[in-house]
Amino acid sequence: MSRKIRRAINGVFLAFGLVLLVLLIGRLDPAVVFERLASAGWYFPAAFLAYVLGLMATTAAWRELIDPARSRAGFGRLLMAFWAGHAVNSITPTGSMGEVLKGNIMANRIDGDELIASLITFNFMSTLSVQMLTLSGPILAISLLSLPARVVGLLLGCALAFFIPVAALYILLRLGAAKRFVALLAKVPFVRIKDPDKLIARAKLIDQSVLACRKERPQRFRRAAGWLVVARLLQPIELWILLIPLLPDRDVGWLLVFALLIQTASQLVAWVMTFVPGQFGVAEGATAVLFGWLGLVPLVGLSMELLRRIRKIIGVAVGLAIGLALSASRASTPSPAHEPIDQGSGGGRVCPRLREGCGGRPCLQPRSRPTTPGSACLTVQTAAARPILTLPIVV
């Protein structure tokens with residue numbers, strides 16, 4: 001599929017979401033909606049602070065997964081890279097182009113293979129933590145809240161449907177039976193796996209990366225897991241802060257558990273509607289419908305989601321500004337001298353810096369080759385090898 005066709009499809013889905021959002025606001029009375037939004041007051045900056053703290057906690061987790069002996073990146077640079085990548089993920093379908101941007105920004109600060117391994121390990125652990133949080137919402141709601149059991153049970157079933165395959169594949173991978181499982185899964189009707197061997201190879205790479213980090217740097221691995229727990233808890237806390245002024249008659253403890261449940265629903269919508277850029281319109285509509293199913297006023301759900309949408313727009317704008325600033329800075333900075341880093345007995349040296357001969361990519365420099373700018377090198381084809389300015393961004 002050509003880039004023009006992809007952009008056209010993205011534009012269609014984005015337009016669909018925006019039209020749906022306008023229709024929702026119009027149906028629920030715009031004046032009342034804006035009155036609800038204004039009632040948030042100073043709670044909105046507090047919610048935005050929770051969002052920023054979540055970004056910082058997630059960045060801290062990524063930093064712990066990077067071997068400090070192979071990195072020259074400070075926390076500030078990692079935070080800027082993560083925020084920029086997060087912004088791109090938020091506005092592009094499938095939410096994966098931001099990983100390209102993260103790798104590109106950090107390509108000259110972290111050794112190439114270490115950068116790849118850290119992103120692989122981080123994304124696997126991040127996905128697992130998100131799925132654990134998604135499961136916790138319905139479980140706690142069933143135990144502690146008096147809400148329609150059918151609705152909460154439906155959310156729990158959907159959360160399990162997303163969690164079980166990932167957990168099963170990881171267990172089978174450790175047992176050495178993942179290849180057979182994927183081959184068997186490919187034979188199931190309506191399940192399409194074009195390249196089972198490629199899927200297994202990626203899964204093994206994840207497993208090897210996680211194991212290497214756990215064995216070589218166990219304390220840093222545990223700290224990374226801890227920071228991810230903090231980052232995930234800050235997501236429902238952001239919703240909890242927004243719900244306090246919107247539902248003033250509810251107890252704060254009730255609202256906190258309810259926020260966990262809403263976070264579950266929001267995550268499920270994001271997974272199912274991943275082809276809609278930013279889930280514009282569909283997130284607001286789904287939350288309004290969910291509030292109605294739970295016996296609450298749909299207007300409150302729409303207002304909460306609109307407040308979060310405003311926060312997302314501000315956060316994305318900051319992230320994109322950071323990405324553009326870093327891109328402009330790199331474009332105006334002359335390429336530094338080629339300084340390979342010895343990798344020991346592996347027979348090669350990693351060049352983490354950008355230069356003309358590498359085409360702006362991390363590379364492996366054989367020991368016998370010259371190290372002057374423009375000399376030939378073997379490129380490591382990774383996500384970090386793509387240029388920043390060619391990202392298809394839909395706004």
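Residues numbered from 1 in each chain as written. Predicted model: local features only at pLDDT ≥ 70, side-chain atom pairs only at ≥ 80, totals over all residues. Heavy atoms only, no water.

Bringing the overall build of the protein into the picture now. Of regular secondary structure, the protein possesses 13 helices and four strands. Among the 395 residues that make up the protein, the fraction classed as buried is 46%. Considering only contacts in the protein between residues 6 or more positions apart, those separated by 24 or more positions represent 67%. Accessible area of the protein: about 19600 Å², with a carbon and sulfur share of 66%. (Helix = DSSP H or I, 4+ residues; strand = E, 2+ residues; numbered from the N terminus. Buried < 20%, exposed > 50% of the residue type's maximum accessible area, 1.4 Å probe, protein only. Contact = heavy atoms within 4.5 Å. Areas by Shrake-Rupley, 256 points an atom, 1.4 Å probe, with all protein chains shown as cover.)

A word on empty space enclosed by the protein. With the rule as written, the count across this model stands at one cavity of 30 Å³ or more. Of the volumes computed, that of the largest cavity is approximately 30 Å³. Around the largest cavity, the lining residues are Val130, Leu133, Thr134, Gln235, Gln263, Thr264 and Gln267. At the level of elements, α6 (112–144) and α11 (252–272) are the ones that each hand at least two residues to the lining of the largest cavity. Its residues assigned to classes, the lining of the largest cavity comprises two nonpolar, five polar and no charged. (1 Å grid on protein atoms, 1.4 Å probe; cavity = no way out; pocket = protein on both sides within 12 Å on 5 of 7 lines; lining within 4 Å. Points joined across faces, edges and corners; volume = space filled by probe spheres on them. Nonpolar A, V, L, I, M, F, W, Y, C, P; charged D, E, K, R; others polar.)

Of all the 10 residues making up helix α5 (residues 97–106), 10 are buried; the element is thus mostly covered by neighbouring parts of the structure. Of the residues making up α5, those classed as buried are Met97, Gly98, Glu99, Val100, Leu101, Lys102, Gly103, Asn104, Ile105 and Met106.

This part is about the side chain of Thr264. With respect to the helices and strands, Thr264 occurs in helix α11. We classify Thr264 as buried; its relative accessible area is 0%. Residues in contact with Thr264, not counting those within four places in the same chain, are Leu133, Thr134, Gly137 and Pro138.

So, on to the pattern of salt bridges. The full count for this structure, using the stated rule, is 11 salt bridges. In this structure, a network of salt bridges that share partners links the residues Asp67, Arg70, Arg72, Asp111, Glu114, Glu216 and Arg217. (Salt bridge = Lys/Arg side-chain N within 4 Å of Asp/Glu carboxyl O.)

In total, this model carries seven aromatic pairs according to the counting rule given. Seen from their ring centres, Phe48 and Tyr51 are 5.6 Å apart, and the 50° between their planes marks the pair as tilted. Of the two residues, Phe48 and Tyr51 both sit in helix α3 (residues 43–64), three residues apart, roughly one turn of that helix. Residue Phe48 shares its accessibility class with Tyr51, and that shared class is buried. Ring geometry for Trp62 and Phe122: centres 6.3 Å apart, planes at 40°, overall tilted. Here Phe122 lies in helix α6 and Trp62 lies in helix α3, a separation of 60 residues in the sequence. Here the two residues Trp62 and Phe122 agree in accessibility, since each one is buried. (Phe/Tyr/Trp six-rings, centres within 6.5 Å; stacked < 30°, edge-to-face > 60°.)

Once that is clear, we can look at a nonpolar patch on the surface. Taken together, the side chains of Leu49, Leu53 and Met56 make up a nonpolar region of the molecular surface, amounting to roughly 250 Å² of accessible area. Take Met56: it is sitting in helix α3. (Patch = residues over 30% accessible without salt bridge, like charges linked within 9 Å, V, L, I, M, F, W, Y side chains within 5 Å.)

Inside soluble globular proteins, nonpolar side chains tend to come together where they are buried. Grouped together as the largest cluster of nonpolar side chains are 41 residues, with contacts concentrated most on Leu147, Leu243, Trp254, Phe258 and Leu294. If you list the elements that add at least two residues to this core, you get α1 (3–27), α2 (30–38), α3, α7 (149–175), α10 (218–246), α11, α12 (282–293) and α13 (298–332). Aside from chain neighbours lying at most four places away, what touches Leu243 is Leu255, Phe258, Ala259, Phe291 and Met304. (Core = buried A, V, L, I, M, F, W, Y, C linked by side-chain atoms within 4.5 Å.)

Moving on: the environment of Phe82. Relative to the assigned elements, Phe82 resides in helix α4 (residues 75–91). In the structure, Phe82 is positioned 24 residues away from Met106 in sequence and 9.7 Å away in space, judged by C-alpha atoms.

Let us now look at the packing of α4 against α5. Interhelical geometry of α4 versus α5 gives an angle of 155° and a closest axis separation of 7 Å. Between α4 and α5, the interaxial angle falls into the category roughly antiparallel. Every pair of crossing elements has a handedness; the one defined by α4 and α5 is right-handed. Contact residues: Arg77, Leu78, Ala81, Phe82, Ala84, Gly85, His86, Val88 and Asn89 in α4; Met97, Gly98, Glu99, Leu101, Lys102, Ile105 and Met106 in α5. Here the residues of the contact of α4 with α5 sort into nine nonpolar, four polar and three charged. (Axes fitted to C-alpha atoms, helices over the stretch in contact; angles between N-to-C directions. Parallel < 35°, antiparallel > 145°, perpendicular 65-115°, else oblique. Left-handed = near helix turned anticlockwise from the far one by under 90°.)

Looking now at the side chain of Ser303. Tracing the backbone shows Ser303 in helix α13. On the accessibility criterion, Ser303 (0% relative accessible area) is buried. Those residues in contact with Ser303 that sit more than four places away from it in its chain are Val33, Arg36, Leu37 and Leu246.

Let us now look at the packing of α3 against α4. Packing of α3 against α4 brings their axes to within 9 Å, and their N-to-C directions diverge by 115°. α4 is crossed by α3, and the crossing has right-handed handedness. In this structure, α3 contributes Tyr51, Val52, Leu55, Met56, Thr58, Thr59, Ala60, Trp62 and Arg63 to the contact, and α4 contributes Phe75, Leu78, Leu79, Ala81, Phe82, Trp83 and His86. Residue classes in the contact of α3 with α4 are distributed as 12 nonpolar, three polar and one charged.

Before going further, it helps to spend a moment on the environment of Val130. Position of Val130 among the secondary structure elements: in helix α6. By relative accessible area, Val130 is classed as buried at 12%. Setting aside chain neighbours within four positions, we find Val130 in contact with Arg232, Gln267 and Trp271.

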